[in-house]
There are 2 protein chains.
Amino acid sequence: MPVKLTAPDPASLLPIAGVRLGITSAGIKKPGRRDITLIELAAGSRVAGVFTQNRFCAAPVTVCKQHLDQMVQRGGDIRALVINTGNANAGTGEEGLRRARQTCEAVARLMGCATEAVLPFSTGVILEPLPVDKILPVLPAAQADLAPDHWSDAAHAIMTTDIVAKGASRQAQVGGRTVTVTGIAKGSGMIHPNMATMLGYVATDAAIAPGLMQQLVKDVADVSFNCVTVDGDTSTNDSFILVATGQAGNNEIDDDASADYAALKAALSEVAIELAQAMARDGEGATKFITVAVEGGRDHAECKQIAYAIARSPLVKTAFFASDPNLGRILAAIGYAGVMDLDVDTLQVYLGDVLVAEKGGRAASYSEAQGAAVMHEAEITVRVVLNRGPVNATVWTCDFSYDYVKINAEYRT
Amino acid sequence: MPVKLTAPDPASLLPIAGVRLGITSAGIKKPGRRDITLIELAAGSRVAGVFTQNRFCAAPVTVCKQHLDQMVQRGGDIRALVINTGNANAGTGEEGLRRARQTCEAVARLMGCATEAVLPFSTGVILEPLPVDKILPVLPAAQADLAPDHWSDAAHAIMTTDIVAKGASRQAQVGGRTVTVTGIAKGSGMIHPNMATMLGYVATDAAIAPGLMQQLVKDVADVSFNCVTVDGDTSTNDSFILVATGQAGNNEIDDDASADYAALKAALSEVAIELAQAMARDGEGATKFITVAVEGGRDHAECKQIAYAIARSPLVKTAFFASDPNLGRILAAIGYAGVMDLDVDTLQVYLGDVLVAEKGGRAASYSEAQGAAVMHEAEITVRVVLNRGPVNATVWTCDFSYDYVKINAEYRT
């Protein structure tokens, strides 16, 4: 039975005081497709982001980073996010930057704010000019649609090859007040972090000091979006944005060692992890959700290196697709992960709860039937115990099917 | 029209004086399959090898390296190679080492040489015990089959998921004598070098000083087998072995700066490159042969890094399969290759002879029709000109098709 994909119940996505969302259609790739999302943020909102490390970083990412820097310097607020699908505005040179700014200017005029108070995001085909002639005329319609309860619509509007929309909400007690966290994300291919992995937007009504926002967004990304891989390709456009509108009435969190910071981070991380796992479940062509947990390493880097070697291997991923306990491929991936002083004789490999390999070879207790039983599950955990240190790391991925090839061979046609 | 795959004409594979090959069937995976190859080397032959860097290196690789070291120390000759397909004897712990040595002992008894004069090789499924009970009884049949002109049979007998056998010969003038080089190789998946990439055996009748053999095998591997990737997976068993029987009558080459060394290296490299390219052409599910050339880099490492990022990207490879000039995926791969100070505004990307991208975006002269025309070819070159240094590097790969998934999902069943 393949992994279950379900879009969130629209009613489960809770409004965030200070955030309104409007959706419309510019027909960028397909006529009538709702491909423009405008997110309005109330004055006083804090915004921070982490972005792709790809050297061919897309024009909107460059503009986003510039606008965030400028507003931090002048102490101003980001007031709007504008997102289009169907075109990535990446690999578009100077003209791409100009068009990203042009979109921000148009939003700023509508909203009555500075151009630098608007952050642009694009996702879709690379190397094509952004069709601003289609986008600018429909921005008033997006504005007219603004409402606090349009999170689910927005989650649908930012999808590309995603099969289901991705969104989640949580509530937590922070400083004696109930704060709410709601997030949406898109992404199912070209997914591999060197940091954020897709488009992700998580908002909360909690109040938090501006100086803690960047650390918080990084802390949350590291345990969520930075733990997913679908195909090892890092997009030019990946962005993860954290918004805190400060309208929950809690005392502003200004200490990252406080219980309030920890409680807020936990709620944000739960939402972000749910979104990140939803991306792996919805990986292009995925039929299985795979968790790779590497335990007992000397440092985080070596645990991640081994986890990603397994999670990226096309041979391992096709074996999962076939439900074939061809576990040698997992051992091979551990071996070529690049941890050169790794002693393969002292590690253990588990498939689910089944001990598969130890002492450099197949475990004496292992039987093919045990392995096959686990491989037929829709959700599978591979656990590698290195026995050489105190550190653990987890990566989420999916299997590799005919449909991955089909989706990516036919994406533009 | 898909890439053309042709096995070498058996008559084109020239015998090497001092080398005889015998093939037989042990029925390791399938009854009747010719899966055992014995290669006998005359006394006085020099042998050197390069091997997988995978930490889960297979038992035969460990034994191979030990035997080579021991024979170098005691100044003895390697007299036989024994190769089985159908079982990799990898991930098999102490028992695997015992069975690899047991195979060498049996060959040594037959050939009347020391156990350490025999090198074992295995390829096939990982994590299954080597069936020595099937292999040992048929070794006399392999010996009875020994003949100088069995190179083509051997090329067939070492295949696993390969569609065609791989072999090549060259002749060159060295020290006033004609020397002959003949090589065979197998490999079409789990192909990515950290050095040699598969099983490859290249023999020559040239005479060369023992002290130069290791450098020569590395020099040849670096321009051939170390330039291929199919799926980025590095096997546990990869081995490339160079044999020089010394029977051509040339004065022994003892200077790596001599014209004779250069001439021999050139002939060996031609054979090895032909074998390496044959592996990419025959990549699992391949319909296209792709050359990725990165030019004008500061050093070899950054050129290789960018070339491999392109050659390994599942998104790039599925676009080639679809003949879709979705060139943004190539730019994205260049961007995430990890060359962090790369300036994407000063590089050019060519598809065949067509300038595709420059100044950080699509070239003004580029049209989709030009790109599509190149993408429909069976053999395609992607050229990235970095304009920041004097160094070039080339990598060969193939596209990524439904059949890659099919072959690897069904390999064991």
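Per an unreviewed UniProt entry, chain A goes by the name Arginine biosynthesis bifunctional protein ArgJ and belongs to Thiobacillus denitrificans. Its UniProt record gives chain A a comment under Sequence similarities (unreviewed entry), which states: "Belongs to the ArgJ family." The annotation that UniProt attaches to chain A under Function (unreviewed entry) is "Catalyzes two activities which are involved in the cyclic version of arginine biosynthesis: the synthesis of N-acetylglutamate from glutamate and acetyl-CoA as the acetyl donor, and of ornithine by transacetylation between N(2)-acetylornithine and glutamate."

So, on to the domain arrangement of chain A. Frequently, the measure chosen for interface size is the accessible area removed from exposure when the parts meet. Residue and element names in this part refer to chain A. For chain A, the assigned domains are domain 1 (10–281) and domain 2 (289–409). Taken over C-alpha atoms, the centre of domain 1 sits 33 Å from the centre of domain 2. Domain 1 puts 18 residues into the contact, and the matching count from domain 2 is 14 residues. Counting the surface lost from both domain 1 and domain 2, the interface buries some 1,300 Å², and carbon and sulfur atoms represent 58% of this. Three residues, C227, T229 and R281, lead the burial of domain 1 against domain 2; their summed loss comes to 37% of the area buried on that side. Remark: the boundary between domain 1 and domain 2 carries one salt bridge. With a closest N to O distance of 2.2 Å, R281 and E379 form a salt bridge. Put simply, domain 1 and domain 2 have four residue pairs in polar contact (both at pLDDT 80 or more) between them. For the side of domain 1 that touches domain 2, the leading source of residues is helix α6 (residues 259–281), giving five residues. Class assignment of the residues belonging to the side of domain 1 that touches domain 2 gives a composition of eight nonpolar, seven polar and three charged.

With an axial shift of 0.0 Å and an RMSD of 0.0 Å, the rotation relating chain A to chain B amounts to 180 degrees. Such a turn and shift between the copies fits a two-fold axis. Scanning chain A for the C-alpha nearest the rotation axis identifies Y402(A), at a separation of 2.7 Å. Mapped onto chain B, 100% of the interface residues of chain A are again interface residues, and the two copies thus contact each other with one and the same surface.

Cut-off values and rules
- Residues numbered from 1 in each chain as written.
- Chains lettered and ligands numbered in written order.
- Predicted model: local features only at pLDDT ≥ 70, side-chain atom pairs only at ≥ 80, totals over all residues.
- Heavy atoms only, no water.
- UniProt positions renumbered as here; feature names shortened; annotations may be inferred.
- Domains from an automatic or database assignment.
- Contact = heavy atoms within 4.5 Å.
- Buried area = accessible area lost by both parts, 1.4 Å probe.
- Salt bridge = Lys/Arg side-chain N within 4 Å of Asp/Glu carboxyl O.
- Polar contact = N/O pair within 3.5 Å; in protein donor to acceptor, adjacent residues only side chain to side chain.
- Helix = DSSP H or I, 4+ residues; strand = E, 2+ residues; numbered from the N terminus.
- Nonpolar A, V, L, I, M, F, W, Y, C, P; charged D, E, K, R; others polar.
- Least-squares fit on C-alpha atoms with pLDDT ≥ 70 in both.

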